[in-house]
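Breakdown of the fold
Here are the chains, one letter per residue:
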Amino acid sequence: MDSSIDKKLNGFRQISQEKLQNIFCSIPGSHKDIIIEPNLIKPLEFVCGASWLKNKGIDKIYKFDKVNPPPRRHQFIYLITADLILFKHVLDQISGYESRDPSDETGIKAYHLIVFPTILHCFEVLLEQEGLFGVVELHRFSWDFISLDGGVLSLEYQPKLFRDIFLRGDTSLLGPVAHSFRLYNMVMKRPQIVLSYGEQSDAILNMCHRIENARNAPFRDESKDNPDFTAMIVVDRDKDYASTLLTSVVYASLLLELFQYKSGYVTIDVENNKIVREKLKFLQISKNNSSSGSKKDVATLRMHSGSDNIYRENRYRHFADVVSLLSSQAKNLGVESKTYKEMKINEMKEFVSNKLPQVAAQKKELFKHLIACEAIVQELGATFERHQSIEESMLLNENRKQVISYIEEQISTDAHKFNTIRLMCLLHITCGVTPDEASKFITNYCNAFGHQYLTVFTKLSTARLFPELGITNKTNILSNISIPLKQTPFQVDANKLKLFPVQSKDSPITSTPTKSPGIPLKKDNTCPSYVFNGNYIPLVAQLAQILLKASSFEEISLKLGHVDTQIKVSGKAFGGDSMKTLKETAMAVKRGELTGPSFPLRPKTIFIFVVGGVTYAEIAACNLVERFTGAKIVLASDSIISGNDLIETAFN
């Protein structure tokens, strides 16, 4: 069953190719050159390669450069994201071509713009203002779910959907996401039960239903075949900020904390990693001086289990395990090489022709991972254990003075452009921040990095990541009073959803023989909370567990009772298009008005989509749930992010 699902998920690539090919076929002319925005090159490789483009009539492929445009030979096809400033640069470049060599009067347009993932209304207005209406043809293109790894899908939207929706209030990108959901229903069939949690999640599903019910729509899900995924969960990012802001101990997550990530690839640049690059300049200088004379190692690591065996074995492991395992693998390769030295001539010939390339490839892969692990230990190891302790105090709303002192210490002695604000946001989400504390945080941060970043805090407050400036919040004022056993709304909700794992005295503490400096040993590798060192269970993993373990719909309603009016239920088993609250649905099932799906769910297959970016910590937690329940869980989002990426969106 899993193999058939994976084949269908990989089939989204062929559909995206067909959509792009239809655009190329609609453009008359036999000779075409394409100019691609650099940010789109890497994700486009998951849809089609250079050879495919050549076969579809593309002569030359260029990267878009607003300063050095390529020479015009034939028709130009631009492939860009829906960004107004970038669109203006493209029109300026086309105006330059037209001023030197005006288009002929044959009726064939010389310039075509393919905009990903949707065409904004302001594009057509600007096109007319620039005097290029009729000269340039606009085309809309959006690829669908891209398979970055087994069980990991992404729409790879640029600009990031989180920035547009949660920071700017611009919902333009929800339409393309809804179209991708419609295609999902066509390929995988509509799930029996769909849970949506969040305003944007509801909007996407409502759009999808309206598109399917349109008079001219070619699809209505009347198939009696069982869906590939029995259940679907759609969650807004702002419903679980903690899973993004907390620092995970999973290897894949730590790679994103340190190195630049793009469409399934990380660039291992030790000397110019995220920690070094975003610190204050004088801290960067001291770092460079201390490592002067060291060789600069830059490598690209693909985070795909099918192309890297070492990554497949270690991607979701606790980092304390990874270092010792890599060390043993290095020793094994060394022993293996020594045995080959004792071979006879005929054995050596067979080794050189068959085994040597494989061993060389393993050594190359191992070397990349060793460099990455060394950098993680060097940059994060010294303060990692203390940092984890501070985050645990925030989650439990304890040691408030110590937490605030730690944040102030970070600003004054180890200021990081994104991580420092990340701690402030986590404190606000979990414990609340008083107006005086917020003012002090902002003042200290702006004194360190510059007052041009004052607007960043206004943007973050829009997304509820920081208190609204100038507004007194009574709840936050109360949070400054030390009351024993006091719980904030975050702790109340987390306790009701059981996001804080119950520590059993009888459960053994699993540890490794050796541990990296500063990296704490894992507490329990049988609970999804291991991704945060036993402190917190990601919301999506808990929702998946609730669905998989439920014996009736009433049980789901009871476990999610405190959010029963916020979670909406739909799906094939509930009449398809109708979206009701969890409470309304439970009452209708109890009265016999709705039957709903049979429980426990069979087959145990769940598709999860996070609106606004998903983290590798959440992916790892769901992978653990998948293994312990025998289920098939696939996570998808508009992008794969880390906590730094979430904060960085407020700076753009």
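Above this note sits the structure.
In this report, we go over the structure that sits alongside the text.

Calculation rules
Residues numbered from 1 in each chain as written. Predicted model: local features only at pLDDT ≥ 70, side-chain atom pairs only at ≥ 80, totals over all residues. Heavy atoms only, no water. Helix = DSSP H or I, 4+ residues; strand = E, 2+ residues; numbered from the N terminus. Buried < 20%, exposed > 50% of the residue type's maximum accessible area, 1.4 Å probe, protein only. Contact = heavy atoms within 4.5 Å. Areas by Shrake-Rupley, 256 points an atom, 1.4 Å probe, with all protein chains shown as cover. Salt bridge = Lys/Arg side-chain N within 4 Å of Asp/Glu carboxyl O. Pairing = 2+ DSSP bridges. Axes fitted to C-alpha atoms, helices over the stretch in contact; angles between N-to-C directions. Parallel < 35°, antiparallel > 145°, perpendicular 65-115°, else oblique. Left-handed = near helix turned anticlockwise from the far one by under 90°. Nonpolar A, V, L, I, M, F, W, Y, C, P; charged D, E, K, R; others polar. Polar contact = N/O pair within 3.5 Å; in protein donor to acceptor, adjacent residues only side chain to side chain. Phe/Tyr/Trp six-rings, centres within 6.5 Å; stacked < 30°, edge-to-face > 60°. Lys NZ or Arg CZ within 6 Å of the ring centre and 35° of its normal. Expected span 1.5 Å × (residues − 1). Arc of directions from axis to C-beta. Core = buried A, V, L, I, M, F, W, Y, C linked by side-chain atoms within 4.5 Å.

As a further point, take the overall build of the protein. For the protein, the count of helices and strands is 27 helices and 16 strands. Residues classed as buried in the protein amount to 54% of the 652 residues present. Taking all contacts inside the protein whose residues are at least 6 apart in sequence as the whole, residues at least 24 apart take part in 78%. Carbon and sulfur atoms provide 52% of the accessible area of the protein, an area that totals close to 29000 Å².

Attention now moves to the pattern of salt bridges. For the structure shown, the criterion picks out 25 salt bridges. Asp202 serves as the salt-bridge partner of Lys568, at 3.4 Å between the closest nitrogen and oxygen. Residue Lys568 is located in strand 13 (residues 567-571), and its partner Asp202 is located in helix 9 (residues 199-213); the two are separated by 366 residues in the primary sequence. Owing to a relative accessible area of 22%, Lys568 belongs among the partly exposed residues under this scheme.

Now for the sheet that holds strand 12 (residues 298-302). Spatial ordering of the open sheet is given by 10-11-12, a layout of three strands whose pairing is antiparallel. Where the open sheet ends on each side, the last strands, each with one partner, are strand 10 (260-262) and strand 12. The sheet shows a mean angle of 25° between the axes of neighbouring strands, taken without regard to direction. One ladder, built from three bridges, connects strand 10 with strand 11 (residues 265-269); its direction is antiparallel. The residue bridging Lys262 from the neighbouring strand is Tyr265, located in strand 11.

A few words now on the packing of helix 5 (residues 84-100) against helix 6 (residues 121-129). Running from amino to carboxyl end, helix 5 crosses helix 6 at an angle of 30°, the nearest separation of the two axes being 11 Å. In terms of their interaxial angle, helix 5 and helix 6 are classed as roughly parallel. Helix-helix and strand crossings are classified by hand; for helix 5 and helix 6 the assignment is right-handed. Each of Leu84, Phe87, Lys88 and Leu91 in helix 5 lies in contact with helix 6, whose residues at this interface are Cys122, Phe123, Leu126 and Leu127. When the residues that make up the contact of helix 5 with helix 6 are grouped by side-chain class, the tally is seven nonpolar, no polar and one charged.

To continue, consider the sheet that holds strand 1 (residues 32-36). Spatial ordering of the open sheet is given by 2-1-3-4-5, a layout of five strands whose pairing is parallel. Every other strand in the sheet has two partners, leaving strand 2 (58-63) and strand 5 (136-140) as the edge strands with one partner each. Direction aside, the axes of adjacent strands within the sheet are offset by 20° on average. In this sheet, strand 4 (residues 111-116) lies alongside strand 3 (residues 75-81) in parallel orientation, the contact comprising six bridges. Of the residues in strand 4, the one forming a bridge with Phe76 is Tyr111.

Below, the discussion takes up the side chain of Thr230. By secondary structure assignment, the location of Thr230 is in the loop between helix 9 and strand 9 (231-236). A polar atom in the side chain of Thr230 sits 2.7 Å from the backbone oxygen of Pro603. When near neighbours in sequence (up to four residues on either side) are disregarded, Thr230 contacts Pro191, Gln192, Ile193, Leu601, Arg602, Pro603 and Thr605.

As a further point, take the packing of aromatic side chains. Remark: the centre distance and the inter-plane angle together describe each pair of aromatic rings, the angle taken between the planes. Scanning all chains against the criterion turns up 31 aromatic pairs. Three or more aromatic residues link up through ring pairs in this structure, and these residues are Phe12, Phe145, Phe181, Tyr184, Phe229, Phe607 and Phe609. Note that Lys42 overlies the ring of Tyr265, its terminal NZ or CZ placed 4.3 Å from the centroid.

Turning next to the packing of helix 17 (residues 400-413) against helix 18 (residues 419-430). Across the interface, helix 17 lies against helix 18 with an axial gap of 9 Å and an inter-helix angle of 160°. Taken as axis vectors, helix 17 and helix 18 run roughly antiparallel relative to one another. For the element pair helix 17 and helix 18, the recorded crossing hand is left-handed. Each of Arg400, Val403, Ile404, Tyr406, Ile407, Gln410 and Ile411 in helix 17 lies in contact with helix 18, whose residues at this interface are Thr420, Leu423, Met424 and Leu427. Partitioned by chemical class, the residues of the contact of helix 17 with helix 18 number eight nonpolar, two polar and one charged.

Quick look at helix 19 (residues 435-449) now. If you check helix 19, its first and last C-alpha atoms are 21 Å apart, about what 15 residues at 1.5 Å a residue would give, namely 21 Å. The set of residues buried in helix 19 consists of Glu437, Ala438, Phe441, Ile442, Tyr445, Cys446 and Phe449. Viewed along the axis of helix 19, the buried residues span an arc of 155°, placing them on a single side of the element. Projecting away from the buried face of helix 19 at angles above 90 degrees are the exposed residues Asp436 and Asn447.

Between its first and last C-alpha, helix 9 extends 21 Å over 15 residues, near the 21 Å set by a 1.5 Å rise per residue. Among all positions of helix 9, only Gln200, Ser201, Asp202, Ile204, Leu205, Cys208, His209 and Glu212 are buried.

Here we come to the nonpolar core. Most often, soluble globular proteins keep nonpolar side chains buried together rather than apart. Counting residues in hydrophobic clusters, the biggest one holds 183 residues, and the most contacted among them are Ile193, Leu465, Phe607, Ile608, Phe609, Tyr616 and Ile633. With eleven residues, helix 16 (residues 345-396) is the single largest residue contributor to this core. Formed by 25 residues, the second largest nonpolar core is a distinct cluster that contains Leu91, Ile94, Ala110 and Leu138.

On to the environment of Gly561, then. Looking at the element boundaries, Gly561 is found in the loop between helix 24 (553-559) and strand 13. Sequence separation between Gly561 and Leu497 is 64 residues; the distance between their C-alpha atoms is 9.2 Å.

Nothing here speaks to function; it is geometry throughout.
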